[in-house]
Amino acid sequence: MPGHIQDRWYKTTKLPNGDHVKVKTDRYGVGLRYRARYVGPDGTEKSKSFPDKQKRAAEQWLTQTAADMAAGQYIDPKNARTTFQQYAEQWVAAQTTDIGTRDTAERQLRLHAYPYLGSRPLGSFQPAHIRAWTRELEDAGIPGSYAVHIYGNVRAVLTAAVDDGYLARNPCAARSVRAPAAKPKRVVPWERERVFAVRAALPSRYRAMVDVAAGCGLRQGEVFALTEDALDTDAGMLHVVRQVKLIRGKPVFAPPKRGKERDVPLPSSVLAALRAHVKAHPSVKVTLPWCRPDGPEVTHELIFTNTVDGAVNRNTFNDHSWKPSLAAAGVIPTPGPREPYERAREHGMHALRHFYASVLLDAGESIRAVSDYLGHSDPAFTLRVYAHLMKASKDRTRNAVDAVLFDG
């Protein structure tokens, strides 16, 4: 058996005649009796204590530890005692992804993983703990599309813990663990009447945002960062080159999502709306950090600003301008006194992008063009989201074949 087991209640003493006898130590009857000791792969001594009458358990523990070392599955006890939150915080800090992505991961872990898994030592994780946690997410009403991302971050943390020797195996990989799944939900585009109603209910300084989002397909942060020099009136194009986003609650300028700058057609109706807006609410120079709160400051002359000539904060805008306009247009209920507006994720400003896509597809525009204008990662994603909005091709197919096969 590797290692050594120390009996703390007895010590061996040599008598004058040369015999060895066991005598009680000062610790006899107090605390854990057996201390199993071994030297770990890093060359330092490790130990674990066991109570009286548990010497056999101590021996088995040493034997199993030696087997784990031989099989390459050994976990340092100190690492195994590290809690999920302790390790996850280190994991987030070490990420080299976009700071916004790290900020999102940190927030999801803090809000939805730490309260359930944070204090659990990594070495104690079992598939049952993950099954119970995913049920907690479901019971809390977390939408499947959001739960997928939360679960993905937890799984990534535990995968890294395995790689770093804090955990023998990832409990998320067990066959008994089912990851959350996003329930398929078809996009239902707004009718034009709803677009107009919401626009009319917004404060005047924000109404042209609807024209840009519904008429050019820009994301909310891209609308917030729009400048007059992005409007190429000669070519009839709008250049999407930046967005305003929140990092740890602070607004920053940043490239568009996934860094994909793009050009989109600029309809004359949208241009007219923007010109009228700028006449009533002149553009304002706004200075923000670039990409991160401590990044270098840059200045852009923004078309849309808040009431104090600063960048529009999405949280403030959504709560105090967008949701009231939804309620006024009858999209969501009007809350009672001191009651918050209900969650309206499917009726966020993103709904105007869906409207834009539906208009283009209804007009026969190609999926590739729609994908490019929306700034999607690839046309396949666009097709998955909007395929049901495309016009049926049965008649076109029949007519095309008839035109070739029929003679005269």
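Position numbers for residues count from 1 along each chain, tracking the sequence in the order it is written. Per-residue local features are limited, in this predicted model, to residues with pLDDT of at least 70; the limit for side-chain atom pairs, both in listing and counting, is 80 or more; totals at the level of whole chains, interfaces and linings are taken over all residues. Here the side-chain values reflect all heavy atoms present in the structure, with hydrogen atoms and water set aside.

Student: How do you make sense of the overall build of the protein when you look at a structure like this?
Tutor: Check the secondary structure of the protein and you find 16 helices and 12 strands. A globule of 408 residues ought to have a C-alpha radius of gyration of about 22 Å, yet the protein, at 31 Å, is considerably larger. Overall, the C-alpha framework of the protein stretches about 115 × 65 × 45 Å when taken along its three principal axes. Each residue's exposure class comes from its accessible area (1.4 Å probe, protein chains only) as a fraction of the maximum for that residue type: buried when under 20%, exposed when over 50%, partly exposed otherwise. Looking at the protein as a whole, 39% of its 408 residues qualify as buried. Here the protein has roughly 23400 Å² of accessible surface; of this, 50% comes from carbon and sulfur atoms. Once the 59 positive and 43 negative side-chain charges of the protein are each reduced to a mean point, those two points are 8 Å apart. Strands here mean DSSP runs of E at least two residues long; helices mean DSSP runs of H or I at least four residues long; both are numbered from the N terminus. We compute the radius of gyration from the C-alpha atoms alone; for a globule the expected value is 2.2 Å times N to the 0.38, where N is the number of residues. All accessibility values rest on the Shrake-Rupley procedure with a 1.4 Å probe; residue burial counts only the protein chains present in the view. The sign given to each residue is positive for Lys and Arg and negative for Asp and Glu; His and the chain ends receive no count. Here the site of a charge means NZ on Lys, CZ on Arg, CG on Asp, or CD on Glu.

Student: Teacher, can you tell me more about the pairing of strand E1 (residues 4–7) here?
Tutor: On any regular strand, side chains alternate: one points to one face of the sheet, the next to the other face. Burial along E1 is one-sided: Ile5 and Asp7 are buried, and none of His4 and Gln6, which face the opposite way, are. Pairing analysis gives 4 bridges linking E1 to strand E4 (residues 34–39), with the strands arranged antiparallel. Residue pairing for E4: Asp7 is matched across the bridge by Tyr34. Pairing between two strands requires that DSSP report at least two bridges joining them.

Student: I'm lost on the pairing of strand E8 (residues 243–247) in this one. Help?
Tutor: Counting buried positions along E8 yields 5 of 5 residues, so the element is predominantly enclosed. Here E8 shows two buried faces, one formed by Gln243, Lys245 and Ile247 and the other by Val244 and Leu246. As judged from the 5 bridges shared by E8 and strand E9 (residues 250–254), these two strands associate in the antiparallel manner. Opposite Gln243, over in E9, you have Ala254 as the bridge partner. Connecting E8 to the antiparallel partner E9 that follows it, the hairpin turn spans 2 residues, and Arg248 within it adopts a positive phi of roughly 55°.

Student: What am I meant to see in the sheet that holds E1 here?
Tutor: Strand order in the open sheet made by the 3 strands is E1-E4-E5, with antiparallel pairing throughout. Of all strands in the sheet, those bounded by a partner on one side alone are E1 and strand E5 (45–50). With strand direction ignored, the average angle separating the axes of adjacent strands in the sheet is 25°. Contacts from helix H1 (residues 55–71) reach E1, E4 and E5, with the element oriented near 15° to E4. Note on method: axes are straight lines fitted to C-alpha atoms, helices fitted across the in-contact stretch only, with angles between N-to-C directions ranging 0 to 180 degrees. Contacts are assigned to residue pairs that have any heavy atoms within 4.5 Å of one another.

Student: What exactly am I supposed to notice about the environment of Glu261 here?
Tutor: Topologically, Glu261 is positioned in the loop between E9 and strand E10 (262–265). For the pair Glu261 and Arg242, spaced 19 residues apart in the sequence, the C-alpha separation amounts to 7.5 Å. Not counting residues up to four positions away in its chain, the partners in contact with Glu261 are Val240, Val241 and Pro256.

Student: For this particular structure, what's the right way to read a nonpolar patch on the surface?
Tutor: The grouping of Val401, Val404 and Leu405 at the surface amounts to a nonpolar patch, some 320 Å² of accessible area in total. Residue Leu405 is classed as exposed on the basis of its relative accessible area of 66%. Patch members must show over 30% relative accessible area and no salt bridge, and they are joined within 9 Å when carrying like charges or within 5 Å when they are nonpolar side chains of Val, Leu, Ile, Met, Phe, Trp or Tyr. Salt bridges are identified by distance alone: a Lys or Arg side-chain nitrogen within 4 Å of an Asp or Glu carboxyl oxygen.

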